[in-house]
Amino acid sequence: MIDTLLSALGTLLSFQHLFYMLIGVSVGLVIGVIPGLGGIAGLSLLIPFLYGMNEISALAMLIGLVAVIPTSDTFSSVLMGIPGSSASQATVLDGFPLARQGQAARALSAAFISSMAGGIFGAIILTGFVVIARPLILSFGSAELFMLALFGLSMVAVLAGRSLAKGLAACCIGLIIGSIGGAPATGEFRMIFGFDYLYDGIPLVIVGLGFFAIPEIADLLRKNSAIASGNALGSGWFQGLRDWWGNLWLSMRCSGLGCIIGAIPGLGGSVVDWIAYGHAVQTVKKDPQFGKGDIRGVIAPESSNNAMQGGALLPTMLFGIPGSGAMAVFLGGMVLLGIQPGPSMVGADLNITYSVIWSLALANVMGAGICLALAIPIARLTQIPFQRLAPFMIVLICFAAFQATRSLADLVALLCLGVLGVLMKRFGWPRPALLIGYVLAPQAETYLYQALQFNGWDFVFRPGVIAIALMTLASIWFGLRNRI
């Protein structure tokens, strides 16, 4: 065992490994800053360059890119109110209000430190649990995954705003949008209205941009001012660090949530930040200002989405089951390099497993440092009059939306959902509740159908189902007490 650890450490600290990891981190930073692309697009761009490369160097590039995107996508979430990727949607809720109050530096520094801590925490958890995680992951069946989807839906009670009825209605709209296309149980097509585009449903990137980016752009254009009032960054760099240190326990709890949810195949990054954000709202007692610029609303999701990458590596490497969409592409890269995921990753290839895990931690440190160094020039964008910045941002959003299926119908769907998003913001309907419903609709339906096929209604008596049901009830109770 000691020889394996030393071999992995030697590989990690070699110049070749560090050099290629830096290349991956740099590509990931660029991908993350561009709104809407995310890890799937970045990894897909990198895969063609891996042919003929040494497996350790290629893995270093892949890990560098995977690790840093949840860090760099914070720029557009905080500075522009546009979700950088599906893993940073919850960061917008408090990060963007802080930027508009002239506290962008505080929000960014807290986000980068939280991301780095979450990534390191995820790597530490992986190091300790990589050998014993196999039976734990295998204990989750369809019934438990269905209950976890319900647990995610219970966050609607937290994010419903002042009107619980509007929150539940918004969630139902999200469930309907998420159900468009083929039914996972029977294969029949629902609500396609004769449009070929709707056979596969509406992609997540379009829903995220339509409900969060378009309404913010419309709002800023109506006000005819820059994004930030006064100084773009403010002087809160060290304040952000102090905020993170003052909420260290919250950051660690959300990192743990990220690891656990990331290790469960099928949930992925589009859920974990909302669950972490909801957990922060439920547990914070002192002067909550969530939705108006509460720094804890930045620390919680940013801690969880980086830790999630570490958790998602577990089922990917041990079983060949992707823990998220980005991990599906990462798995393809592993197979391309001749690395076979499975039990050998905790046996003969254990040194490769530890090299990957520790590379994840090191890439998070690299990414956070580079993001802090680039924050000042990038943040100057918030001082540009918005009517000059808006055309460029609209082009970026349309480009990101067009990448979903490369069809002009992507742009039509973006426009329609954008109009709906503007109306929801104008009349006070909670858009996060809709997004949770959209993300969890297909998962909840699929796992419920599978649970009924395998166990019938007896699945409700499984110990794991009962435990998660009690957690869900507790979440609803706390959520109704602490709604934002």
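Our subject in this report is the structure included herewith.

Thresholds, definitions, all that
Residues numbered from 1 in each chain as written. Predicted model: local features only at pLDDT ≥ 70, side-chain atom pairs only at ≥ 80, totals over all residues. Heavy atoms only, no water. Helix = DSSP H or I, 4+ residues; strand = E, 2+ residues; numbered from the N terminus. Buried < 20%, exposed > 50% of the residue type's maximum accessible area, 1.4 Å probe, protein only. Contact = heavy atoms within 4.5 Å. Areas by Shrake-Rupley, 256 points an atom, 1.4 Å probe, with all protein chains shown as cover. Expected span 1.5 Å × (residues − 1). Phe/Tyr/Trp six-rings, centres within 6.5 Å; stacked < 30°, edge-to-face > 60°. Lys NZ or Arg CZ within 6 Å of the ring centre and 35° of its normal. Axes fitted to C-alpha atoms, helices over the stretch in contact; angles between N-to-C directions. Parallel < 35°, antiparallel > 145°, perpendicular 65-115°, else oblique. Left-handed = near helix turned anticlockwise from the far one by under 90°. Nonpolar A, V, L, I, M, F, W, Y, C, P; charged D, E, K, R; others polar. Core = buried A, V, L, I, M, F, W, Y, C linked by side-chain atoms within 4.5 Å. Salt bridge = Lys/Arg side-chain N within 4 Å of Asp/Glu carboxyl O. Polar contact = N/O pair within 3.5 Å; in protein donor to acceptor, adjacent residues only side chain to side chain.

1. Considering the overall build of the protein
In terms of regular secondary structure, the protein is built from 21 helices and two strands. Across the 484 residues of the protein, 56% fall into the buried class. Expressed as a percentage of contacts within the protein between residues at least 6 apart in sequence, the contacts between residues at least 24 apart total 80%. For the protein, the exposed surface amounts to about 19200 Å²; the carbon and sulfur share of it is 69%.

2. Describing helix α4 (residues 55–72)
Its 18 residues give α4 an end-to-end C-alpha distance of 26 Å, which sits within 8% of 26 Å, the value for a rise of 1.5 Å per residue. Counting buried residues in α4 gives 17 out of 18 residues, a clear majority hidden from the surface.

3. Brief notes about the packing of aromatic side chains
Going through the model one piece at a time under the given rule, you end up with five aromatic pairs. Taking 5.5 Å as the distance between ring centres and 75° as the angle between the ring planes, the aromatic pair formed by F19 and Y20 counts as edge-to-face. The class for Y20 is partly exposed, based on a relative accessible area of 25%. Pairwise contacts between aromatic rings join F146, W457 and F459 into one cluster. Against the face of F427 rests R426, its NZ or CZ located 5.3 Å from the ring centre.

4. Some details on the packing of helix α9 (residues 142–153) against helix α20 (residues 431–455)
Helix packing geometry: the angle between the two helix axes and the distance between the axes. Two elements in contact, α9 and α20, have axes separated by 8 Å at closest approach and are oriented at 155°. What the angle tells us is that α9 and α20 run roughly antiparallel. The crossing of α9 and α20 is left-handed. Judged by residue contacts, S142, A143, L145, F146, A149, G152 and L153 of α9 engage I436, G437, L440, A444, Y447, L448, Q450, A451 and F454 from α20. Among the residues forming the contact of α9 with α20, the class breakdown is 12 nonpolar, four polar and no charged.

5. Let's talk about the nonpolar core
Ranked by internal contacts, the top residues of the largest apolar core, which has 124 residues, are L59, L313 and F330. Other than its neighbours up to four places away in sequence, L313 contacts I63, L126, M327, F330, V356 and L360.

6. Quick look at the packing of helix α6 (residues 91–100) against helix α11 (residues 204–223)
Contact pair α6 / α11: the axes reach a minimum separation of 13 Å and the direction vectors enclose 20°. Comparing the axis directions of α6 and α11 gives the class roughly parallel. As α6 runs across α11, the sense of the crossing is right-handed. Contacts between α6 and α11 involve L93, F96 and R100 from the former and F212, E216, D219, L220 and K223 from the latter. For the contact of α6 with α11, the per-class residue count stands at four nonpolar, no polar and four charged.

7. Considerations on unusual backbone geometry
Of note in this structure, M191 is not a glycine but carries a positive phi near 55°. Within the fold, M191 resides in the loop between β2 (189–190) and α11. On the accessibility criterion, M191 (32% relative accessible area) is partly exposed. Residues other than glycine seldom take positive phi values, yet F193 does so here, at roughly 50°. Relative to the helices and strands, F193 resides in the loop between β2 and α11.

8. Quick word on the pattern of salt bridges
If you walk through the whole model with that rule in mind, you get four salt bridges. The residue D243 makes a salt bridge to R106 at a minimum N-O spacing of 2.5 Å. With D243 in helix α12 (residues 237–246) and R106 in helix α7 (residues 104–129), the pair connects residues that are 137 residues apart, well separated along the chain. We note that D243, like R106, is buried.

9. Details of the side chain of T74
Along the chain, T74 turns up in helix α5 (residues 74–79). Overall, T74 belongs to the buried group, its relative accessible area being 0%. Polar side-chain contacts of T74 include one of 3.0 Å to the side chain of E302. Dropping the residues within four chain positions of it, T74 is found in contact with L79, T91, L108, A111, F112 and E302.

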